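Architecture and fold: a report
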Amino acid sequence: MNRSVFALMVFGLLVAGAGCPKAPVVPGVIVAEKQRPLAELSPNDVIVSVNGAKLTKKDWEARMSLHMALYAYGMPNATAQKRDSFRKSREQRTILEYVNTQLALQDTRRLKIEVPPDSVREAEQAIINSYTKGRSTPDDFYRALGVNAEPFKRQVKTDLLVKKTRQALYADRLAVSESDIDAFEKKTADWNAVYMLSNQVVVASGEELVRQLRAGADFAETARAVSQHQPEDGVLWGEFVRSEIEDPKLAELAFTLPVGAVSDPVETEEGLVIIKVLERTGGTQTESAVSLNVSSVKLARILLFMYTAWEERTRPQIRKELERSRVSEVQQEWLAKQWGAARIEYPNGTNLWPRVRNNRGTSNIRRALQP
């Protein structure tokens, strides 16, 4: 290989599982120095090669066509701008997905894993139902996809093979037992008990602040010292008409408290709020709702954050959440190991490589010049 080619050694990236190749492979990511944009590649030019398996420009366009067809089916009213935005978001991901899938399928072949036709049809039906919501038949769905119908079926089978391979390799780590669900429920209850006690402390602090403020403490100084809402001047929240204050309790207080008064603490979605009415114009508390809505009020605010309890879940919901979490953990470990042993070549330059390289938000790469 000449000196115009870089060998980028990848450590710790999110990737896919690979089997043992027939011939020795020097692992690494090989990127041609000359950059050729995707738009300039001919149909048979290779975008990326994964241990010899090649993704050509023609193959990439076919994959993009399927993505766009499914998007159009699911979002029939999407604007041209939204469709363009979706396409751009898929361009880089499609290349990375190809790499990950090829690495995974090498393990599939090594383990001689297959999926029966009935399982493939069942998986197809489940995905079709997620798109159609039962409003049309599979035949209608396939007619809408047109030339993308067969690629869709192949993709479903591929995804099923990868899932079955992952299950074969990591079944013991993916299984969720009843005791796992019990532990999750206990953890939720324990955390919520802590949150409840913490919020009681916040409420008590708010009540003490109100007592001090009504006894003469300066609202602005207090706000600058304790509020987790920090506007530029440290105290002013803003000037509002009634409809602009989303919380109904705060809206009522803002238009009924006397000017200069300090409210009791109010629990809101943002946290615990204490307001002071600085000024009110254009209406009084005795006037109609219509006139109050066009009047305005200027408010100062102290905001104390409160803790949000974990949402209560049913046991089936907990099981699904734990399964998703374990699949994600196993997937990252599986794919990272396989990328470390793979040879991935970009013969026409990096193209989308900078985005692929940082797919986990990191750049753990060593660059070396090939002799």
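Chains are numbered independently. Their residues run from 1 in the order of the written sequence. Reporting of local features is limited, given that this is a predicted model, to residues whose pLDDT is at least 70; pairs of side-chain atoms are given and counted only at 80 or more, and all residues count toward the totals for whole chains, interfaces and linings. Only hydrogens and water are set aside; all other atoms, that is, all heavy atoms of the structure, feed into the side-chain values.

So, about the overall build of the protein. Runs of E in the DSSP output that reach at least two residues are strands. Runs of H or I that reach at least four are helices, and both are numbered from the N terminus. The helix and strand inventory of the protein stands at 11 helices and 10 strands. The burial tally for the protein puts 39% of its 371 residues in the buried class. Two residues qualify as a contact provided that any one of their heavy atoms is within 4.5 Å of a heavy atom in the partner residue. Pairs at least 24 apart in sequence give 73% of the contacts found in the protein among residues at least 6 apart. The protein chains shown are the only cover counted for residues, whose accessible areas, like all others here, come from Shrake-Rupley with a 1.4 Å probe. Surface accessibility of the protein: about 21200 Å² in total, with carbon and sulfur atoms responsible for 53%. Each residue gets one of three labels from its accessible area relative to the maximum for its type: buried under 20%, exposed over 50%, partly exposed in between, using a 1.4 Å probe on protein chains only.

Below, the discussion takes up unusual backbone geometry. Across the chain, the bulk of peptide bonds are trans and the bulk of non-glycine residues have phi less than zero. Positive phi is not limited to glycine here, since Asn51 has a value of about 50°. Take Asn51: it is sitting in the loop between strand E3 (46-50) and strand E4 (53-56). Within the chain, Lys112 stands out as a residue other than glycine whose phi angle is a positive 55°. Along the polypeptide, Lys112 turns up in the loop between helix H2 (80-110) and helix H3 (117-132). We classify Lys112 as exposed; its relative accessible area is 71%.

What follows covers the nonpolar core. What is meant by a nonpolar core is a set of buried Ala, Val, Leu, Ile, Met, Phe, Trp, Tyr and Cys residues, joined one to another through side-chain atoms within 4.5 Å. In terms of nonpolar packing, the biggest core is built from 24 residues, with Leu70, Phe141, Tyr142, Leu145, Phe152 and Trp334 touching the most fellow members. Contributing elements (two or more residues each) for this core: helix H1 (57-74), H2, H3, helix H4 (138-145), helix H5 (149-174) and helix H10 (315-340). What Leu70 contacts, discounting residues up to four positions off in sequence, is Tyr131, Phe141, Leu145 and Phe152.

A word on the sheet that holds strand E7 (residues 272-281). Two orientations exist for strands paired in a sheet by backbone hydrogen bonds: parallel and antiparallel. For two strands to count as paired, DSSP must find a minimum of two bridges between them. Strand order in this open sheet of four strands is E5-E8-E7-E6, and the pairing throughout is antiparallel. With one partner strand each, in any of the chains shown, strand E5 (236-241) and strand E6 (266-267) form the two edges of the open sheet. Bridge count between E7 and strand E8 (residues 296-304): nine bridges; the pairing is antiparallel. Across the sheet, the residue bridging to Glu279 is Lys298, located in E8. Only the contacting stretch of a helix is used when fitting its axis, a line to C-alpha atoms as for every element, and angles between N-to-C directions run 0 to 180 degrees. Packing of helix H6 (residues 178-214) onto the sheet brings it into contact with E6, E7 and E8, and relative to E7 it is tilted by some 35°. The strands touched by helix H7 (residues 219-226) are E7 and E8; relative to E8, the strand with the most contacts, the crossing angle is about 40°.

Turning our attention to the side chain of Asn199. Note on placement: Asn199 falls in helix H6. With near-sequence residues (within four places) excluded, Asn199 lies in contact with Met306 and Tyr307.

The next point concerns the confidence of the model for the protein. Confidence per residue, as judged by the predictor, is encoded in pLDDT with a range of 0 to 100. The predicted model of the protein has a mean per-residue pLDDT of 82, with 82% of residues at 70 or higher. Note on residues 284-292: pLDDT under 50 across the span, and nine contacts to partners over four residues away in sequence or across chains. Across residues 354-371, where pLDDT falls below 50, the model places 45 contacts with residues more than four positions away in sequence or in other chains.

This next bit is on the pairing of strand E9 (residues 343-346). Bridge count for strand E2 (residues 28-32) against E9 is four bridges, and the pairing is parallel. Residue pairing for E9: Ile30 is matched across the bridge by Glu345. Across two bridges, the pairing between E3 and E9 is antiparallel. Counterpart to Val50 in the pairing with E9 is Ile344.

Contact geometry of H2 with H10 gives a least axis separation of 10 Å together with a crossing angle of 90°. In terms of axis orientation, H2 runs roughly perpendicular to H10. Here H2 contributes Leu96, Val99, Asn100, Leu103, Ala104 and Asp107 to the contact with H10, which in turn contributes Trp334, Leu335, Gln338 and Trp339. Oblique is the label for any angle not covered by the other classes, which are roughly parallel (under 35 degrees), roughly antiparallel (over 145) and roughly perpendicular (65 to 115).

The next thing to look at is H4. Turning to H4, its buried residues are Phe141, Tyr142 and Leu145. All buried residues of H4 lie within an arc of 95° about the axis, which places them on one face of the element. Those residues of H4 that are exposed and aimed more than 90 degrees away from the buried face are Asp139 and Arg143. Of the surrounding secondary structure, the elements contacted by the buried residues of H4 are H1, H3 and H5. It is the directions from the helix axis to the C-beta atoms that the arc portrays.

Working definition: rings of Phe, Tyr and Trp (its six-membered ring) pair if their centres are within 6.5 Å, and the pair is stacked with planes under 30 degrees apart, edge-to-face with planes over 60 apart, and tilted otherwise. On inspection of all chains with the given rule, the structure shows 13 aromatic pairs. Between Tyr195 and Tyr307, the ring centres sit 5.9 Å apart and the planes meet at 5°, which makes this aromatic pair stacked. Here the residue Tyr195 occupies a position in helix H6, and Tyr307 occupies one in the loop between E8 and H10, the gap between them amounting to 112 residues. Just above the ring of Tyr142 sits the side chain of Lys153; from NZ or CZ to the centre is 4.5 Å. A ring is considered to have a charge above it if a Lys NZ or an Arg CZ atom is located within 6 Å of its centre and within 35 degrees of its normal.

Here we take up the side chain of Asn192. Locating Asn192 in the fold gives a position in helix H6. What makes Asn192 buried here is its relative accessible area of 13%. In terms of polar contacts, Asn192 uses its side chain to reach the backbone amide nitrogen of Trp310, at 2.7 Å. Contacts of Asn192, omitting those with residues within four sequence positions, involve Ala309, Trp310 and Glu312. Pairs of N or O atoms within 3.5 Å make up the polar contacts considered here, provided that, within protein, one atom can donate a hydrogen while the other can accept it, and that residues adjacent in sequence are counted only when both atoms are side-chain atoms.

Here we take up H10. For an α-helix, the turn length of 3.6 residues means that residues three or four places apart are oriented alike. The end-to-end C-alpha distance of H10 is 38 Å, a good match for the 38 Å that 26 residues give at a rise of 1.5 Å each. Along H10, the residues that are buried comprise Ile318, Leu322, Val330, Trp334, Leu335, Gln338 and Trp339. Multiplying one less than the number of residues by 1.5 Å gives the expected span of a helix.

Its location among the elements puts Tyr131 in helix H3. Exposure remark for Tyr131: the relative accessible area of 26% places this residue in the partly exposed category. When the C-alpha atoms of Tyr131 and Phe141 are compared, they prove to be 8.6 Å apart, with 10 residues separating the residues in sequence. The residues touching Tyr131, leaving out its near neighbours within four places in the chain, are Leu70, Tyr73, Gly74 and Phe141.

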